Every structure is written in structure tokens, then in C-alpha cells.
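# An overview of the molecular structure
One-letter residues, chain by chain:
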Amino acid sequence: VAQDFIYEKRDTREATRQASLDAIHKSFNVPKVIHGPWKFIGPFDNTDGRGHSAVYPPEMKVDFAAEYDGAGGRKIRWQDGSRFKDAVYNNLKFFQPSDFVVCYLYRTIESDADTKAHLYLGSDDTLVAWVNGQKVHEYDGIRGLEIDSDAVVVQLRRGTNRVLLKVGQIQG
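What you see is a predicted model; the values in this text were computed from it and never measured. (Residues numbered from 1 in each chain as written. Predicted model: local features only at pLDDT ≥ 70, side-chain atom pairs only at ≥ 80, totals over all residues. Heavy atoms only, no water.)

## Brief notes about the side chain of Arg107
Mapped onto the elements, Arg107 comes out in strand β6 (residues 101-111). Within the structure, Arg107 has its side chain in polar contact with the side chain of Asp86 (distance 3.1 Å). (Helix = DSSP H or I, 4+ residues; strand = E, 2+ residues; numbered from the N terminus. Polar contact = N/O pair within 3.5 Å; in protein donor to acceptor, adjacent residues only side chain to side chain.)

This is the structure we're talking about:
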């Protein structure tokens, strides 16, 4: 059965877009999911690739007010990650040093219902992903970046979901 096109006219283009999306979600009974902004911290040491298995403070507790000793003894803190965009190549060369380092990225995902979702990831080199404190994916190897090379089905719960990524760079 074909559905009528759903269009909810509002005062502005953005309000129209959002109202139409909300109506589509409601019509097809699709959970509404809102991605929060990225935050990041790093670099941490990854000499000889050992950073992948090392447990750094963000894996124990995400504390945006904390300061840690990073690679080379430099003090590091969580920072705004608005520079990171989804589904595109995000260059981590701004980290200094940028070879043999590990960094973490964090965001929340709000869902209005329990639902399965796909997490599409890519990295150059190692990668670990956690959702709500549960490890959902791990790649421990050396590779060049291919966007969305890893696809993981995850369970989101109603409310706030926490996503933590650990990306390790060897060299290059």
C-alpha cells in the first residue's frame, strides 16, 4: 500500500524539515534518534602499538572536567569535537605527535525507543567501540582508512546512549 507523501509546512524551512521528519517517523513507527556532538581527547601513547590494549582513563570513566597525562607527558583534556563529521574522512594529524598515538571520541545518541541501530566505522589503524559501556567492536591491526569499513549492529535503549571510540594510529 503506497503512503501519501508526508509534508508538514511550517514558518521556516528548518521547522518544515523537522516537522516532516517527525511525521515520517511517526507514520512508519521508526524511533527518533538524535546524535549529540562529538568530544575528543588525546593523544595518549601508542608506542609499538601497545596503546590499543592499554586502558587509559576515558575507558574507566568519561570525565569532561578531568586532565590527564598524554603522549610525551603533555597535559590533555576533553575538547569540543565539532570538527568531526559523520561518514567522511576525519584527519587526526592535528594531534601532536600524530604517529604512535591513541585518541578517544565520545558522543551521546538519544533514542525515543529501544531499537537496533547500525554503527558504521572506519579507522587507520586500530579501533575499539563501546555503547553504554559494552564493547561492541574491536579491530586490532594496521590498515589504511576506508570509510565505513566496519558495520556493527548495536542495541540502543530508550533515552541517552553513550558511544566511546578509541582510535589508534601506528604510523603514516
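## Comments concerning helix α1 (residues 13-28)
In this model α1 runs 22 Å from its N-terminal to its C-terminal C-alpha over 16 residues, within 8% of the 22 Å that 1.5 Å per residue would give. Taken together, the buried positions of α1 are Thr16, Ala19, Ser20 and Ala23. What you see down the axis of α1 is that its buried residues fit within an arc of 100 degrees, all on one side. Just past α1, the residue Asn29 takes up positive phi, approximately 55 degrees. (Expected span 1.5 Å × (residues − 1). Buried < 20%, exposed > 50% of the residue type's maximum accessible area, 1.4 Å probe, protein only. Arc of directions from axis to C-beta.)

## A look at unusual backbone geometry
One can expect most non-glycine residues to show negative phi and most peptide bonds to be in trans. Omega for the peptide link from Gly42 to Pro43 comes to 0 degrees, which places this bond in the cis form. Mapped onto the elements of the fold, Pro43 is located in strand β2 (residues 39-45). Backbone torsion omega between Gln96 and Pro97 reads 0 degrees, so that peptide bond is classified as cis. As for its placement among the helices and strands, Pro97 is situated in the loop between β5 (79-80) and β6. Even without glycine at this site, Ala87 takes up a positive phi of about 65 degrees. Inspection of the secondary structure puts Ala87 in the loop between β5 and β6. The class for Ala87 is exposed, based on a relative accessible area of 58%. One non-glycine residue, Phe100, lies in the positive phi region at around 55 degrees. One can find Phe100 in the loop between β5 and β6.

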